[in-house]
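Each chain is listed here by its residues.
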Amino acid sequence: MDVTALVRRIESKQALVGIIGLGYVGLPLVREFAAGGLTILGFDVDPAKVAALHRGESYIQHIGADRVAAAVKTGRFAATTDFDRLRECDAIAICVPTPLGPHREPDNSFIHATGREIAKRLRPGQLVILESTTYPGTTDEELRPILETSGLACGRDFLLAFSPEREDPGRKDFDTRSTPKVVGGVDAASTEVAAALYAAAVDKVVPVSSARVAESCKLLENVFRSVNIALVNELKTVFDRMGIDVWEVIEAAKTKPFGFMPFYPGPGLGGHCIPLDPFYLSWKAAEYGQWARFIELAGEVNSQMPRWVVAKVASALNEDAKPLKGSRILVLGLAYKANIDDDRESPSYEIIELLRDAGALVDYCDPFFPTARKTRKHDLGLKTVPCDNATFRRFDAVVVSTAHDVFRTPGLFAGVPLVVDTRNLVAPLHPGGDGGPRRLVKA
Ligand SMILES: NC(=O)c1ccc[n+]([C@@H]2O[C@H](COP(=O)([O-])OP(=O)(O)OC[C@H]3O[C@@H](n4cnc5c(N)ncnc54)[C@H](O)[C@@H]3O)[C@@H](O)[C@H]2O)c1
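This structure is a prediction, so every number in the text was calculated from the model and none was measured.

Re the layout of surface pockets
Then, number 1: Considered as a void within the structure, the second largest pocket measures approximately 200 Å³ in volume.
Then, number 2: Looking at the second largest pocket, it is lined by 13 residues, and the ones nearest its centre are L231, V232, L235, F260 and M261.
Then, number 3: Mapped onto the lining of the second largest pocket, the elements with two or more residues apiece are α8 (211-242) and α9 (246-253).
Then, number 4: Per-element accounting of the lining of the second largest pocket gives the leading share, 5 residues, to α8.

Structure follows, in structure tokens:
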């Protein structure tokens, strides 16, 4: 295959980039490739998403509908469900989901299905890049053989690389463009061309020696977060028993100018990455006779957090001589993190269901979710209650699960009988203790 010709097409902005899977990862890539002057054809199996994009709408708030609409208007971007059009693309990036199965096992079926769709249309001279987070070896051992069922040979006829996404929804100081992008090809030519392609979308490309290194890099980043969050969650429970405020301990530790990085406790892990991806590595490690004990332990500690929070609510209500059963409890925040409309894997759902299982009458308040979405695992059948003090005061307990800025409104918690705060949101609003809830418990 003519590597130089493909690099030339990319650098002269003549290349057409196909992006498969137009979600949280695919859409920001569309936006940045368009900003870099390339033309993009987006593919998705969901016709509703494709139709929304054609109307110039974005279904993910923080992506910015205006920028997607601008790319559609200038003719830089079109979306389709017609996978035959993959033939038109010079490069194809795969951004499909990689969830966990019911027993926490990796589910690469979306990657496999997409690989089969590409293989049916693969033509010589194309570059395929996997972006979906997965265990080391997926690109080489799974995607490559599927693509080669086309009769074309990797290296000779087409190129193949892995490049992980580093999206952090809602983040303001770094975006897709300013976050360095790691790229590893199954051979040197694949790395070179994939690096040239991403140079149009991001400020800095970091080439590595193989697809396996790039796959492992993403997992190291996510395992690092999962383990450190578990550590601080465990310390929270230890300090709590000792009557020490973990938040104050972290603030003090943070003053050390070297060798310490703060992580914060919370009601449990959320988001598409941290609760799921580490288990991709521990599962794969077993194939090599290895145990990834830190990963499993962190998973155990973090996944217990919603139960710990509910136990704190129960004991706090008990002090008011109230049982969970029949108490009115308001959970603040369905999103898994502050100020975004992303509720994937959010621990709020589990907290609400545990409270309901115990007989509590539960509502939620989250301006980012006027109605609770029906997900694969949850169907709350609830709408948000208004975010005001009169509403909050009607509940026996208010549980802060997400630290949305809107919950920092002065007077919001005034006179609320009990607040159980997993984010240390309420105490800093009332430094002297005045004007706040009648009782505040950190969890
Ligand atoms: N969300 C994040 O912040 C984030 C960050 C880094 C990495 N990742 C990884 O990126 C990958 C994609 O995640 P996401 O958050 O963008 O998911 P998402 O659910 O937001 O988007 C996936 C899209 O793929 C589409 N899709 C599903 N099957 C398809 C198929 N066979 N062909 C074409 N389209 C298909 C869905 O309709 C959806 O629009 C995952 O592997 C994830 O682990 C996500």
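Looking at the sheet that holds strand β7 (residues 181-185)
Then, number 1: One open sheet accounts for 8 strands, arranged β3-β2-β1-β4-β5-β6-β7-β8; its pairing is mixed. Only two strands of the sheet have a single partner each, and these edge strands are β3 (77-80) and β8 (205-208). Mean inter-strand twist for the sheet, computed between neighbouring axes without regard to direction, equals 25°.
Then, number 2: Along the sheet face, helix α2 (residues 26-35) touches β1 (16-20), β2 (39-43), β3 and β7 and points at about 170° away from the line of β1.
Then, number 3: Lying over the sheet, helix α7 (residues 188-198) contacts β1, β4 (91-94), β5 (127-130), β6 (159-162), β7 and β8, oriented at roughly 150° with respect to β7.

Brief notes about empty space enclosed by the protein
To locate leftover empty space, one rolls a probe as large as a water molecule over the atoms.
Then, number 1: Within this structure, the stated rule accounts for 1 cavity of 30 Å³ or more.
Then, number 2: As for the largest cavity, its lining consists of P164, E165, R166, E167, T176, T179, P180, K181 and V182.
Then, number 3: Residue classes in the lining of the largest cavity are distributed as 3 nonpolar, 2 polar and 4 charged.

Describing the packing of helix α5 (residues 109-121) against helix α6 (residues 138-148)
Then, number 1: At a minimum axis distance of 8 Å, the contact between α5 and α6 shows a crossing angle of 40°. The handedness of the crossing between α5 and α6 is right-handed. Between α5 and α6, the residues in contact are I111, H112, G115, R116, I118 and A119 and T138, E142, L143, I146 and L147, respectively.

Let's talk about the site of the ligand
Then, number 1: Close to the ligand lie 26 residues; V25, D44, K49, T98 and R344 are nearest.
Then, number 2: D44 places a polar side-chain atom, nitrogen or oxygen, 2.6 Å from an oxygen atom of the ligand.
Then, number 3: Residue T133 places a main-chain N or O atom 2.9 Å away from an oxygen atom belonging to the ligand.
Then, number 4: Against a free-state accessible area of 830 Å², the protein chains account for coverage of 91% of the ligand.
Then, number 5: Each residue belonging to the shell around the ligand can be placed in one class, and the counts come to 12 nonpolar, 7 polar and 7 charged.

Analysis parameters
Residues numbered from 1 in each chain as written. Predicted model: local features only at pLDDT ≥ 70, side-chain atom pairs only at ≥ 80, totals over all residues. Heavy atoms only, no water. 1 Å grid on protein atoms, 1.4 Å probe; cavity = no way out; pocket = protein on both sides within 12 Å on 5 of 7 lines; lining within 4 Å. Points joined across faces, edges and corners; volume = space filled by probe spheres on them. Helix = DSSP H or I, 4+ residues; strand = E, 2+ residues; numbered from the N terminus. Pairing = 2+ DSSP bridges. Axes fitted to C-alpha atoms, helices over the stretch in contact; angles between N-to-C directions. Contact = heavy atoms within 4.5 Å. Nonpolar A, V, L, I, M, F, W, Y, C, P; charged D, E, K, R; others polar. Left-handed = near helix turned anticlockwise from the far one by under 90°. Near = heavy atom within 4 Å. Polar contact = N/O pair within 3.5 Å; in protein donor to acceptor, adjacent residues only side chain to side chain. Areas by Shrake-Rupley, 256 points an atom, 1.4 Å probe, with all protein chains shown as cover.

Note that all results are geometric; they support no functional claim without further evidence.
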